[in-house]
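# Report on the structure
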Amino acid sequence: MPQRTFRRAVYAGSFDPPTNGHLWMITEAQQLFDELIVAIGVNPDKKSSYTVAERMAFLQDMVAPFDNVRVASFEYEFLVNYAHDVGATFIVRGIRSATDYEYERAIRYINADLQPSIQTVFLMPPREIAEISSTMVKGLVGPKGWRDIVHRYVPDPVYQKILADNIHK
């Protein structure tokens, strides 16, 4: 019987902040691979609401239940090259809409040109969390009643930080 090879994957994003959609992706992906690296992609040209250290802490808390998941970050590098550098043979991406699919499909082909040995795996979240994004969560903070709405979309430690940062709203 042939020996199975070790399967390492990278799930990357800005995670600014991490959402329940990200948690769903991590939960699902960690079941498919021997090791999952949840990697914060840092683009120094992009303004983030949370520091890399804050996002790392959020993610560390979120992945604590999973023995095969670790959190890392990389800066100003193509994801596929980062994946290659850490020995991953898979990239995990989420598809929430037709627009996501078209974008991710194009990137998948570019990635294959750069690193043919790395496969892209697409996961589609359930309907009830498919529309959640970090941008959406940040946009909900402020108007009357925002606390109850935002709490539905992010893990509790993220929610507590958002509350602390917006105590007067």
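Values in this document were obtained by computation on a predicted structure and should not be read as measured data.

### Concerning the nonpolar core
One broad rule of soluble globular proteins: the nonpolar side chains tend to lie buried together. Counting 19 residues, the largest nonpolar core has I26, L36, V38, L59 and V92 as its most contacted members. For this core, the elements supplying multiple residues, two or more each, are strand 1 (8–13), helix 1 (20–32), strand 2 (35–42), helix 2 (52–63) and strand 3 (69–75). No other element matches the 4 residues that strand 2 contributes to this core. Filtering out sequence-adjacent residues up to four positions away, I26 remains in contact with Y11, L36, V38, L59, M62, V63, F66 and V69.

### Brief notes about the sheet that holds strand 4 (residues 90–94)
Strand order in this open sheet of 5 strands is 3-2-1-4-5, and the pairing throughout is parallel. Looking at strand neighbours, the two that pair on one side only are strand 3 and strand 5 (119–123), the edges of this open sheet. When strand polarity is set aside, the average angle formed by the axes of neighbouring strands in this sheet is 30°. Bridge count for strand 4 against strand 5 is 5 bridges, and the pairing is parallel. Its bridge partner lying in strand 5, R93 is registered against F122.

### Quick notes on the UniProt feature "site: Transition state stabilizer" (unreviewed entry) in the protein
In the UniProt entry, the feature "site: Transition state stabilizer" (unreviewed entry) is given for H22. You can see H22 is positioned in helix 1. Residue class for H22 comes out buried when judged on its relative accessible area of 15%. When sequence neighbours within four positions are dropped, the list of residues in contact with H22 reads Y11, F15, P17, M62 and S134. Polar contacts involving the side chain of H22 include one to the main-chain amide nitrogen of T19, which spans 2.9 Å.

### Observations concerning the environment of L23
Considering the arrangement of structural elements, one finds L23 in helix 1. Taking the relative accessible area as the measure of exposure, L23 reaches 25% and is therefore partly exposed. In this structure the C-alpha to C-alpha distance between L23 and H151, which are 128 residues apart in sequence, comes to 14 Å.

### Re helix 4 (residues 98–114)
Here helix 4 contains 17 residues, and its C-alpha end-to-end distance of 25 Å stays within 8% of the 24 Å for a straight helix at 1.5 Å per residue. If you check which residues of helix 4 are buried, you get D100, E104 and N111. An end-on view of helix 4 places all buried positions within 20° of arc, on one side of the element. Helix 4 presents A98, T99 and D113 as exposed residues on the side facing more than 90 degrees away from its buried surface. As for helix 4, its buried residues are in contact with helix 3 (79–85), strand 4 and strand 5.

### With respect to the packing of aromatic side chains
Scanning all chains against the criterion turns up 4 aromatic pairs. The interplanar angle of 15° and the centroid separation of 4.4 Å between the aromatic rings of F74 and Y82 together place this pair among those described as stacked. Of the two residues, F74 and Y82, both sit in the buried class.

Basis of the calculations
Residues numbered from 1 in each chain as written. Predicted model: local features only at pLDDT ≥ 70, side-chain atom pairs only at ≥ 80, totals over all residues. Heavy atoms only, no water. Core = buried A, V, L, I, M, F, W, Y, C linked by side-chain atoms within 4.5 Å. Buried < 20%, exposed > 50% of the residue type's maximum accessible area, 1.4 Å probe, protein only. Helix = DSSP H or I, 4+ residues; strand = E, 2+ residues; numbered from the N terminus. Contact = heavy atoms within 4.5 Å. Pairing = 2+ DSSP bridges. Axes fitted to C-alpha atoms, helices over the stretch in contact; angles between N-to-C directions. UniProt positions renumbered as here; feature names shortened; annotations may be inferred. Polar contact = N/O pair within 3.5 Å; in protein donor to acceptor, adjacent residues only side chain to side chain. Expected span 1.5 Å × (residues − 1). Arc of directions from axis to C-beta. Phe/Tyr/Trp six-rings, centres within 6.5 Å; stacked < 30°, edge-to-face > 60°.

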